Structures are given as C-alpha cells and as structure tokens.
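Structural features, examined
Read off the chains here:
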Amino acid sequence: MIIKKLVSLFIVLVLLINPTSVFADEMSISGNGEGSSSNVNIQSFATNTVEQNNQAEVNNDVSADTNTGENQASDNTGGDTNINTGNAEVVLGVENTMNLSSAEIGCCPSPTEVEIKNNGNDSSNTINLDLTNTTTVNVNNDATITNNIYGYANTGENEANDNGGNVIINTGDIYGKIFVDNGPINVAHVSAGTGGGGLLASISGNGSGSVNDIFFNQNLNTDVRVNNNADIKNILSFYANTGKNKANGNLGNVLIDTGDILVDIFVKNTVNLSFVDVNCCQNPQNPPPCPESECPTPTPPCTENCNPSGPCVSDCGGGGNGGGGGGDSAGAAGPAAVLGAVLPATGGYDLIFLTLAGLLFIASGIMLRRQSNKPLSQVFAFV
Amino acid sequence: MKKRPWNYYAGNGLIIFGLLLLLTIYLPIIKLFLPLPHAAADFSDTNNTILIPKINAYAPVIKEVDAFNEAEYRAALKKGVAQAKGIPNFYFAHSSDSPWNLTSYNTVFLRLGELKNGDEIVIKDEGVEKKYKVVDKKIVWPSDVKAVTQLSGDKLILQTCTPIGTSLKRLLIFAEPV
C-alpha cells in the first residue's frame, strides 16, 4: 500500500497595493515526497491610480496709448506754418502657458517565476495564479483665459486755422503690432507601462506518475481618461488715426499729408494636446523594475516617487501660469520646458580644465627653470 | 660645460609636457580654422552629410538619434552630427568635448556662432542635396525646447552648446530652404 502523505498548502494572498507596487515574485513547489499532494493558490490585485487636476484662470488686461497728434498752430500772421508729427509705434503682446501635465507609470515589473520541480513519484502539484493589474489615470485640465488688449495710436487731429502764410500738416506713420500666443495650454502626457510582467513557468525533475499543473490567469486593465477644457476669450481693440486734421481760413496754400497705418495682429491658440502612450510590458525589451539610480528624472516641478521593486510614478501637476505685459514689451511667459525634456548637451567643461592644467604645467616649468639654483621649497613657497 | 641643477631639467620637462597637452587639446580645433578642402574629409557614408562652407564644417549625419537620451546621442556624436529622431530637421553636434574624445567630428559645430543671416548650409539626405540659408539665431537655456518641439515644415535648426567649452546654454541656428 502506498502511503499517501497529504500535504495541503492553501495560500490566499490578497494584496491591495498602493500605486507604487505591483506583483512580482517567485513561487515554487519542490522537494515533496512520493505520493504527496501540493496545491498553491495565489491571488494578486495591483492597482495603480494617478489623478491630476489642474485648474487655471488668467485675466490679462493690456493697453498702450501713443499720441503725437492733436497739435494746434492757428492765428499766425507771419511766415508759413508747419505741423510735423512723429511716428507712433505700439507693440502689445501676451503669452500664456498653463496646465502642463505629465504622468508616467513607466517601469514594468519583473515576470513572476513559478516552478514545480523535484517532487516525488505519483505526487500531485498544482499552482493557481490569478493576477489582476489595474492602472487608472485621470487627468483633468481646465483653463480659463481672458485677454483684453487695447491699443491707441494717434498722429492726426491737428489744427492749423486762420494763418497768414502757407500751411503744411504732415502726420507721422503708425505701426501697431498685437500678438497673442495662448499655448501650450492643457497639455497632458500620459505614459503607462502596464502589465503584470508575464510568467516564467517551469516544471522539471518530478517523479514518474506525478501530475503537475500551473494555471495562470492575468487580467490587465488600463483606464486612461484625459479631460481638457479651455475657455479662451481674446478681445482685441486697436485705434489708429493719422487723419482728422483741420486747416481752415488760411490765406496761403494748404498741404495736408497724412501718414500710413500698418497694424499686424497675430493670435495663436495651442490648446488641449493629449499624448497617451500605453505600453504593454510583454515586450522583453522593456526595462525591468527600475533601480533608484535609473528612474526617469523629470525636470521640476515634477515630484517623483520611485520604488525599486515597483514602477516609477511621476506626478507632474502643472498649475496655472500666465501673465501679461503692456506697451512695447511682450507678456510674461512661463518656462518653455515641455514634458520634462532638455536640449541635448553638446559641450563640456573638460576643455577648460585641461587648458588650465596645461598652462599650470608651463608656468611651473618656467618657475623651476628661472629659480633652478634655489631649493624646491623656496620656488613654490607661495603654495 | 656647466652642469645644471635637476630642477632646471624638470622645468624643461614640465614646459614640454604642458605644450604637448595644449597641442593635443587644440589641434582638432585649429584644424577647423584651416581652409582644408572638404573633399579631403575621410568618412565612408557620404549619402548623409552636412556641409557649412563658411565655418569649414563637413561631417557625416547620424540619423534617427534620440535627442532626449543622453547615452544614445553621446555615442552618436562621436561619429558625426546627430539628426534627432522624430524631428527630422533638427541637427546637433559638439562645440567642445573631452580631449580624449576630440575627433575631427566632435567639435564640428565649434564655429556655429559665426553664422549670419544668408549663410549657406548644405545637407545631403540619402544622397539628395538640400540647400538652406540661415535666417535667425538664438541662445536659449537647455530647458527651452519650445523652438525645437514646434519645428515644422522645411525649416531647419542646428544646435550646439555655448559658450564654447561649456554646456551652459544652447545656440540655435534657424535656416530655411533656398
């Protein structure tokens, strides 16, 4: 009679894990005796949740006033009368940058390793793996911008009445430029490397008549929701006048020459840009769980939470950042860093350091030569 | 013959060593200022090249280099001028580097700041030659990627570090097709 030694091992692991950890482990049924029965049940629930809410409201009131006109030269009896007004230039600008969001869950977990090995004859060995990995990313960007821009430029409205001689009114040109650059506004970059890391299963070295089963069930749920809402009002007004000049009741000839008006208006809105990259971790080229030293390093104001045994979670919540300017200066703009990137570094300081080293060698050599009759301690006494 | 003390010869040795060090550092840079014929450049891939006659820059182009992956682009810059992956008309190269890395390509953009509006840039892409003229240049902080990420159409941007010998800021040269 075959002695049946029943070993029943029942393990239920229910892991409700914070956003920085996922399931990655090793399980083994090994070295059990003849006729044994081993049963391992494992359930794992991993949940990664990132929620970013950015709300910004900006009102820019920008105005500029330039006037070289409204001159009067009347009732002159002797000689000619000239009114020459200068040119008027008005430049108004507003730039708004806000709500730049970046969420990265970019590091894939290691595969789960499962093995049934070296168990005895007629043994029964079963591993049930049930892994559920849920990644939820919610990004809500809400921007409200009102740009009120008013410009006034006048070189006209001059009067030269009732003069005895000739009258010349020559008004200057007007050059106006308004630019409104709203953007980037509401930019969401979501990069989610989701997945349970896969399974490495091995059944080997078990005795004859053994029954060995590995059941693996993996559920990967990724839910990314990006809601961008932008309400932008650009209210632009520009008054430009070189005319409305008066020259009445003059005895001589009258010449009124009005200047040109050139107004450039540029409005650009770049809003609601969403980049969602969901990368399944089954690709063997994907990186393993990241060591702390290799975690991505986004630029401030990102805050990073890195767990060496799990994924890197980087939350970059961009707050409102807007501004305005008036007169000849453009409006203030936020830093143009986009998605934590910097331009490639194509220089280095080694050239300077080694140049200094070379010069130091030469200077030291010259000192040694010139004062070769002195002891070394005196030559470099200043050191 | 009068025998000199030992530190006289040690001084001579230090001077010679210092001069050799400076020569090693600056020889590749001096070569950039010499009017060498471009045809004399020695590299195998002549289907992808960049030529800037005014600053005597002629180098192979390494295509599809991740501009935001330092390890990748540093390896590419040892071979020539890098063309950014995903931004086809963005090229960058060293203005300076460690002396042990100073090949003839590593400082190919050393004189990029000398370019002025109207200067010619010739890029050969898969054997097809395209000519550009400089229309603007800017110096920006490294985090100011706006101009590069918003690059569109046929416009071209060349980038290197400035001031020379540092990686403090970035010099951007803007060009348009002729």
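Residues numbered from 1 in each chain as written. Chains lettered and ligands numbered in written order. Predicted model: local features only at pLDDT ≥ 70, side-chain atom pairs only at ≥ 80, totals over all residues. Heavy atoms only, no water.

**Regarding the overall build of chain A**
Along its length, chain A carries two helices and 15 strands. Sorting the 383 residues of chain A into buried and exposed places 40% on the buried side. Excluding contacts between residues fewer than 6 apart, the proportion of contacts in chain A whose partners are at least 24 apart in sequence is 86%. By element, 50% of the accessible surface of chain A is carried by carbon and sulfur atoms, the whole surface being about 19100 Å². (Helix = DSSP H or I, 4+ residues; strand = E, 2+ residues; numbered from the N terminus. Buried < 20%, exposed > 50% of the residue type's maximum accessible area, 1.4 Å probe, protein only. Contact = heavy atoms within 4.5 Å. Areas by Shrake-Rupley, 256 points an atom, 1.4 Å probe, with all protein chains shown as cover.)

**As for the UniProt feature "transmembrane region" (unreviewed entry) in chain B**
Residues given the UniProt feature "transmembrane region" (unreviewed entry) here are residues 6-27 of chain B. The distance from the first to the last C-alpha atom of residues 6-27 of chain B is 31 Å, and the span holds 100% helix and 0% strand. (UniProt positions renumbered as here; feature names shortened; annotations may be inferred.)

**Some words on the packing of aromatic side chains**
Residue and element names in this part refer to chain B. Inspection of every chain in the model, using the stated rule, returns five aromatic pairs over all chains. Pairing Y8 with Y9 gives two aromatic rings, centres 5.5 Å apart and planes at 90°, and the pair type is edge-to-face. Accessibility expressed as a relative area gives 14% for Y8, which makes it buried. With a relative accessible area of 46%, Y9 lands in the partly exposed category. Through pairs of rings, three or more aromatic residues link up here, namely Y73, F90 and F92. Its guanidinium or amino end placed over the ring of W141, K169 lies 4.4 Å from that ring's centre, counting from NZ or CZ. (Phe/Tyr/Trp six-rings, centres within 6.5 Å; stacked < 30°, edge-to-face > 60°. Lys NZ or Arg CZ within 6 Å of the ring centre and 35° of its normal.)

**Concerning the confidence of the model for chain B**
Averaged over chain B, the pLDDT score is 83; the fraction of residues at 70 or greater is 87%. Among the prediction metrics, the complex's ipTM stands at 0.73, with pTM recorded as 0.41. (pLDDT = per-residue confidence, 0-100.)

**Concerning the interface of chain A and chain B**
Contacts between the two partners involve 36 residues from chain A and, on the opposite side, 52 residues from chain B. Roughly 3500 Å² of surface becomes buried between chain A and chain B when both sides are summed, with 66% attributable to carbon and sulfur atoms. Looking only at chain A, the three residues that lose the most surface to chain B are L343, T346 and L351 of chain A, adding up to 22% of its buried area. Counting across the chain A and chain B interface gives zero salt bridges. Counting across the interface, chain A meets chain B through six residue pairs in polar contact (both at pLDDT 80 or more). Secondary-structure elements contributing two or more residues to the side of chain A that touches chain B are β9 (174-194) and α1 (350-370) of chain A. The element contributing the most residues to the side of chain A that touches chain B is α1 of chain A, with 15 residues. A per-class count over the side of chain A that touches chain B returns 19 nonpolar, eleven polar and six charged. (Buried area = accessible area lost by both parts, 1.4 Å probe. Salt bridge = Lys/Arg side-chain N within 4 Å of Asp/Glu carboxyl O. Polar contact = N/O pair within 3.5 Å; in protein donor to acceptor, adjacent residues only side chain to side chain. Nonpolar A, V, L, I, M, F, W, Y, C, P; charged D, E, K, R; others polar.)

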